[in-house]
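A structural walkthrough
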Amino acid sequence: MAVFETEALVLRTYNLAEADKIVVCLSRSAGLIRGVAKGCRKLKNRFGASLEPFTLINLTYYEKENQELVSFRQTEILRSRFNLSGNASILTGFSYMGDLLIDFSPPHQANDNLYRMALACFEAVSENPEDLDSVLRYFEVWLLKLEGFMPDLRTCANCHEAFNGEAAVYLGTDLSLRCVRCTSGKGGAVSKKLHAQLRTTEKLSPAKFAEEAREVPKRTKQEMAELTFQLIGRVLERMPRVRPAR
Ligand SMILES: [Zn+2]
């Protein structure tokens, strides 16, 4: 039996037996892990409080060979989201991000970029709850990108010429982006403004992106929401379980 310690973000929990829970979290050093937390549902239990969804914890766990579920032994709260627990739209947004992380992350594979990006998005929403929608768009784009599903935003997939930002680009059925010459303007158009907005995610933190997005026209935001929703739906081959209002 091996003992591990890692920082982790609690994503989802299920009740098990009378006093236990199964906890799914995204950890910094082991990626997505599922574990049993014994006794965590007993009254006034600090262990239980630390395992509320979206809490950031320091986690010590045991792993037995050939067992998918690890054993959660000890936790310490680094950041609780207790102050947001009464805000239904924030909780829906958090659940949506949590579900996508579970859907997109292979178990037990650390991905530091994904972990840091996810954490920064949860933090940005905690700091400025009114920026939820823009942070969700940023999260979707980066999740797709880090898992290899985001089309190249810089060059045409067909002729490899750099997009110059002057014309709309087109999304093919294979999820690649092509220039107007290669498509003769056929396919789903991605407007200049949306293309620029997508490129902005590459340069900024989620908090900064959301701050700048306050000035972006509503129509462009809707267009971005439709595009990311379409891309995620195609990758998952179904719609996400939780879908925040758009
Ligand atoms: Zn082209």
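Residues numbered from 1 in each chain as written. Predicted model: local features only at pLDDT ≥ 70, side-chain atom pairs only at ≥ 80, totals over all residues. Heavy atoms only, no water.

Counting secondary structure elements, the chain contains eight helices and eight strands. For a compact globule of 246 residues, the expected C-alpha radius of gyration is about 18 Å, and the chain comes in at 20 Å, within 12% of that figure. Projected onto its principal axes, the C-alpha coordinates of the chain cover approximately 65 × 40 × 30 Å. Residues counted as buried form 46% of the 246 residues belonging to the chain. Taking all contacts inside the chain whose residues are at least 6 apart in sequence as the whole, residues at least 24 apart take part in 58%. Taken as a whole, the chain presents about 12,700 Å² of accessible surface, with 48% of it coming from carbon and sulfur. Across the chain, the 34 positively charged side chains and the 30 negatively charged ones have centroids separated by 3 Å. (Helix = DSSP H or I, 4+ residues; strand = E, 2+ residues; numbered from the N terminus. Rg over C-alpha atoms; globule rule 2.2 N^0.38 Å. Buried < 20%, exposed > 50% of the residue type's maximum accessible area, 1.4 Å probe, protein only. Contact = heavy atoms within 4.5 Å. Areas by Shrake-Rupley, 256 points an atom, 1.4 Å probe, with all protein chains shown as cover. Lys, Arg positive; Asp, Glu negative; His and termini not counted. Charge placed at Lys NZ, Arg CZ, Asp CG, Glu CD.)

For the rest of this paragraph, the subject is the coordination of the zinc ion. Protein coordination at the zinc ion: the donors are Cys156 (SG), Cys159 (SG), Cys179 (SG) and Cys182 (SG), at 2.3 to 2.4 Å from the metal. One can describe the donor arrangement at the zinc ion as tetrahedral, given that its four donor atoms subtend angles of 103 to 117° at the metal. All donors of the zinc ion belong to a single chain; written as a sequence motif, their spacing is C-x2-C-x19-C-x2-C. Highlighted residues: Cys159 in the loop between α4 (132–146) and β6 (169–171) and Cys182 in helix α5 (residues 180–183), separated in sequence by 23 residues. Judged by its relative accessible area of 28%, Cys182 is partly exposed. (Donors = N, O, S within 2.8 Å, 3.2 Å for Na, K, Ca; no water. Tetrahedral: all angles 85-135°; square planar, octahedral: opposite > 155°, others 65-115°.)

On to α4. Side chains three or four residues apart in an α-helix point the same way, a direct result of the helix having 3.6 residues per turn. Taking 1.5 Å of rise per residue, 15 residues should cover 21 Å, and α4 covers 21 Å from first to last C-alpha, within 8% of that figure. Counting buried residues in α4 gives 12 out of 15 residues, a clear majority hidden from the surface. When we look at burial in α4, the residues that qualify are Leu132, Ser134, Val135, Leu136, Arg137, Tyr138, Phe139, Glu140, Val141, Trp142, Leu143 and Leu144. In this structure, the buried side of α4 is in contact with α2 (88–104), α3 (112–127), α6 (192–201), α7 (206–213) and α8 (218–236). Phi turns positive, to about 85°, at Gly148, one or two residues after α4. (Expected span 1.5 Å × (residues − 1).)

Moving on to the environment of Arg238. As for its placement among the helices and strands, Arg238 is situated in the segment after α8. Residue classification places Arg238 among the partly exposed positions, given a relative accessible area of 32%. Discounting chain neighbours no more than four positions away, the residues touching Arg238 are Asp103, Ile232 and Gly233.

The relative placement of two aromatic rings is captured by the distance of their centres and the angle of their planes. With the rule as written, the count across this model stands at seven aromatic pairs. Look at Phe104 and Phe149: their rings are 6.0 Å apart centre to centre, the planes differ by 80°, and that puts the pair in the edge-to-face class. On the criterion of sequence distance, the pair formed by Phe104 in helix α2 and Phe149 in the loop between α4 and β6 is long-range, its members being 45 residues apart. Phe104 sits in the buried class, given a relative accessible area of 7%. Cluster of aromatic residues (ring-pair linked, three or more members): Phe54, Phe94 and Phe122. (Phe/Tyr/Trp six-rings, centres within 6.5 Å; stacked < 30°, edge-to-face > 60°.)

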